[in-house]
Amino acid sequence: MQTRRDFLQLTSMGIMGTCLPENFNFLGLSPKKKMSVQLYTIRDHIAKDFAGAIKKISDLGFEYVETAFWPKGISLNQAAAILNENNLKVSSCHIELPVGENQKIFLETAKVFNCKNMIWHGWPEDKRYSSIEGTRELVKIYNNANKFAKANGLSFGLHNHWWEFRNKVDGKFVYEVLLEELDKDIFFEIDIYWVKVAGHQPDKIIKIFGDRVNLMHIKDGPAEFNQNLISDNPDPMTPLGKGTQNLPAIFESAPAGCEWFVLEMDTSAIDVYDALKQSMEYMKSVTSY
């Protein structure tokens, strides 16, 4: 099993997408939501058989993916070709911050995958989140990344882990500082699992973020904090509806501007493709068309 650190050290690139029809109407919410799967979920399968792993995602019925990073030796163009062959589109990209040489990769990734949603994956924890000064330093970096993205016709967002919702600086949670001081057009991809790991109710957090939430990472499991998380060894996750998440409340809290629900599993208690299939079936059982 590759760790997240190993995965992020491979040739970078990221994107997101959907598996449900274009007329997908989630719990009657408007506008209609779309569903994607984060390819980090099948990173080990991609490393062994890239084309075969992507085909299995398509065979499950997914139409969109969110990408992160491909194994070394697979170029952006090669990856795009395999996605196209399997009729998979990209909704968003997890990617490194557009600083220095990464600016070129940032723009190439967006162009090759025809994707405007560029998301800083946020791993690993930046120790600057331990102080208000450090957090504000990161705010400046994110705002500069946003300016670069906008200047090139792209949108920039942040994906959270647990520390933004556990760490307090100057009497506030880090996420509160980010909400207050980041450029208002920086969007958030709220990872509901890490929010719960940090001890919060995801539906309440989503309501606090409101229209800043353009995407959500949807995952289920025990969602309890433990020290193994520090070494990127989370508890195995479950198919949707079989863990501790109050998913109906979370879905209902999604703002109108939240376009994408992105299915992700960092680890799986069962065969990952079976877990994805069960999760898709759960999503269909709680949605209307």
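Each remark here, short or long, concerns the structure printed above.
This one's a predicted model, so the numbers in the text were calculated from it and none came from an experiment.

J.: Give me the lowdown on the pairing of strand β3 (residues 89–95), citing residues and values where you can.
T.: A regular strand places its side chains on the two faces of the sheet in alternate fashion. Among the seven residues of β3, six are classified as buried, and the element is accordingly described as predominantly covered. Direction of pairing for strand β2 (residues 64–67) relative to β3: parallel, over a ladder of four bridges. Paired with Tyr64 across the bridge in β3 is Lys89. In this region the chain leaves β2, passes through helix α4 (residues 76–85) and returns to the parallel neighbour β3; the handedness of that crossover is right-handed. Where β3 meets strand β4 (residues 117–120), three bridges bridge the pair, whose relative direction is parallel. Note that in β4 the partner of His94 across the bridge is Ile119. Traced from β3 through helix α5 (residues 102–112) to β4, the parallel crossover comes out right-handed.

J.: A description of helix α10 (residues 202–209) should follow, citing residues and the corresponding values.
T.: Among the residues making up α10, those that are buried are Pro202, Asp203, Ile205, Ile206 and Phe209. Within α10, the buried residues cover an arc of 160° as seen down the axis, which keeps them to one side. In α10, those exposed residues whose orientation departs by more than 90 degrees from the buried face are Lys204 and Lys207. Looking at the packing, one finds that the buried side of α10 touches α7 (163–166), α8 (174–181), β8 (187–191), α9 (192–197), β9 (213–218) and α11 (247–253). Residue Gly210 follows α10 closely and has a positive phi angle near 55°.

J.: Break down the sheet that holds β9 for me, with residues and values.
T.: Pairing within the closed barrel is parallel, and its eight strands lie in the order β1-β2-β3-β4-β5-β8-β9-β10. The mean inter-strand angle of the sheet, taken between neighbouring strand axes irrespective of direction, is 30°. In this fold helix α6 (residues 132–151) packs onto β4 and β5 (155–159), with an angle of close to 145° to the strand it touches most, β5.

J.: Outline the pairing of strand β10 (residues 260–263), supporting the account with residue identities and numerical values.
T.: Every second residue of β10 is oriented toward a common face, with Trp260 and Val262 on one face and Phe261 and Leu263 on the other, all of them buried. When strand β1 (residues 34–38) meets β10, the two strands line up parallel, connected through four bridges. Following the sheet pairing, Lys34 is matched in β10 by Trp260. In the sheet, β9 pairs with β10 via four bridges, with the strands oriented parallel. Counterpart to Ile218 in the pairing with β10 is Leu263.

Cut-offs used in this document
- Residues numbered from 1 in each chain as written.
- Predicted model: local features only at pLDDT ≥ 70, side-chain atom pairs only at ≥ 80, totals over all residues.
- Heavy atoms only, no water.
- Buried < 20%, exposed > 50% of the residue type's maximum accessible area, 1.4 Å probe, protein only.
- Helix = DSSP H or I, 4+ residues; strand = E, 2+ residues; numbered from the N terminus.
- Pairing = 2+ DSSP bridges.
- Right-handed = clockwise from strand over helix to strand, strands pointing away.
- Arc of directions from axis to C-beta.
- Contact = heavy atoms within 4.5 Å.
- Axes fitted to C-alpha atoms, helices over the stretch in contact; angles between N-to-C directions.

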